[in-house]
Amino acid sequence: MPLVAFGPFRLDPHGRVLYRDGAVVALPLKAAEVLAALVTRPGEVLTKDELLAAAWPDVVVEEGTLTRHVSTLRAALGPGPADGGWIETVPKRGYRFAAQVS
C-alpha cells in the first residue's frame, strides 16, 4: 500500500510509520493503527467499535484506551485543518479524519 499524504505528513499504513517533512514521528504502534484506520476513510465517521477492532482485533479493551491513543495522535499531529484539528470527535459515535488525503 502506498504512502498516504496529508498536510506535511506521510503515513505508511502497512508499516505503521508516520513521517513529518521526511522525519519519523514517534508514535505508539496502536496509535499508528488507529491513525491508519482513520486516514484510509477520510471524512467518514468511524465508530469507536470500528477503531477498537482495527487496532485491537480479538482483544477486549476499554473505550478509554482508544481515547488515550486519539489524544496521543492529536498531540503528535499538532494544529490541523484550520486549527479544528486533524481528528474530529463525533459525540456518541466515534471519530472522523478531517483532512484531505492523497
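The preceding data block contains the structure.
Residues numbered from 1 in each chain as written. Predicted model: local features only at pLDDT ≥ 70, side-chain atom pairs only at ≥ 80, totals over all residues. Heavy atoms only, no water.

Asker: Can you break down the packing of helix α1 (residues 29-39) against helix α2 (residues 48-55) residue by residue, with the values?
Answerer: Helices that pack against each other are described as a pair by the angle of their axes relative to one another and the distance between those axes. Direction vectors running N to C along α1 and α2 enclose 125°, while the axes themselves pass 9 Å from each other. Taken together, α1 and α2 sit at an angle that is classed as oblique. The two elements α1 and α2 meet at a crossing, and its hand is right-handed. Of α2, the residues touching α1 (which contributes Lys 30, Glu 33, Val 34, Ala 37 and Leu 38) are Leu 51, Ala 54 and Ala 55. (Axes fitted to C-alpha atoms, helices over the stretch in contact; angles between N-to-C directions. Helix = DSSP H or I, 4+ residues; strand = E, 2+ residues; numbered from the N terminus. Parallel < 35°, antiparallel > 145°, perpendicular 65-115°, else oblique. Left-handed = near helix turned anticlockwise from the far one by under 90°. Contact = heavy atoms within 4.5 Å.)

Asker: Please set out the sheet that holds strand β5 (residues 45-47) residue by residue, giving values where relevant.
Answerer: With antiparallel pairing, the three strands of this open sheet are ordered in space as β5-β7-β6. Looking at strand neighbours, the two that pair on one side only are β5 and β6 (87-90), the edges of this open sheet. Pairs of neighbouring strands in the sheet enclose a mean axial angle of 30°, with direction left out of account. Here α1 sits on the sheet and contacts β5, β6 and β7 (94-97); the angle it forms with β7, its principal contact strand, is near 65°. Its contacts with the sheet put helix α3 (residues 63-77) on β6 and β7, and the angle it makes with β6 is roughly 145°. (Pairing = 2+ DSSP bridges.)

Asker: Mind laying out the packing of aromatic side chains, listing which residues take part and the relevant values?
Answerer: Scanning the entire structure with this criterion turns up five aromatic pairs. Here the aromatic rings of Phe 6 and Phe 9 are separated by 5.3 Å at their centres, their planes lie at 25°, and the arrangement is stacked. Taken as a pair, Phe 6 and Phe 9 share a single burial class, namely buried. Between Phe 9 and Trp 86 the ring centres are 5.6 Å apart and the planes differ by 90°, which places this aromatic pair in the edge-to-face class. A residue pair is termed long-range when its members are at least 10 positions apart, and Phe 9 in strand β2 (residues 9-12) and Trp 86 in the loop between α3 and β6 qualify at 77 residues. Classification of Trp 86 by relative accessible area gives buried; the value is 9%. (Phe/Tyr/Trp six-rings, centres within 6.5 Å; stacked < 30°, edge-to-face > 60°. Buried < 20%, exposed > 50% of the residue type's maximum accessible area, 1.4 Å probe, protein only.)

Asker: Residue-level account of the pairing of strand β3 (residues 17-20), with values.
Answerer: Two elements, β2 and β3, share four bridges in a ladder whose sense is antiparallel. Opposite Asp 12, over in β3, you have Val 17 as the bridge partner. Joining the antiparallel neighbours β2 and β3 is a turn of four residues, in which Arg 16 adopts a positive phi near 60°. Here β3 pairs with strand β4 (residues 23-25) via three bridges, running antiparallel. When the sheet's bridge partners are listed, Tyr 19 is paired in β4 with Val 24. Turn length for the β3-β4 hairpin, with the two strands adjacent in sequence and antiparallel, is two residues, and the turn residue Asp 21 shows positive phi of about 50°.

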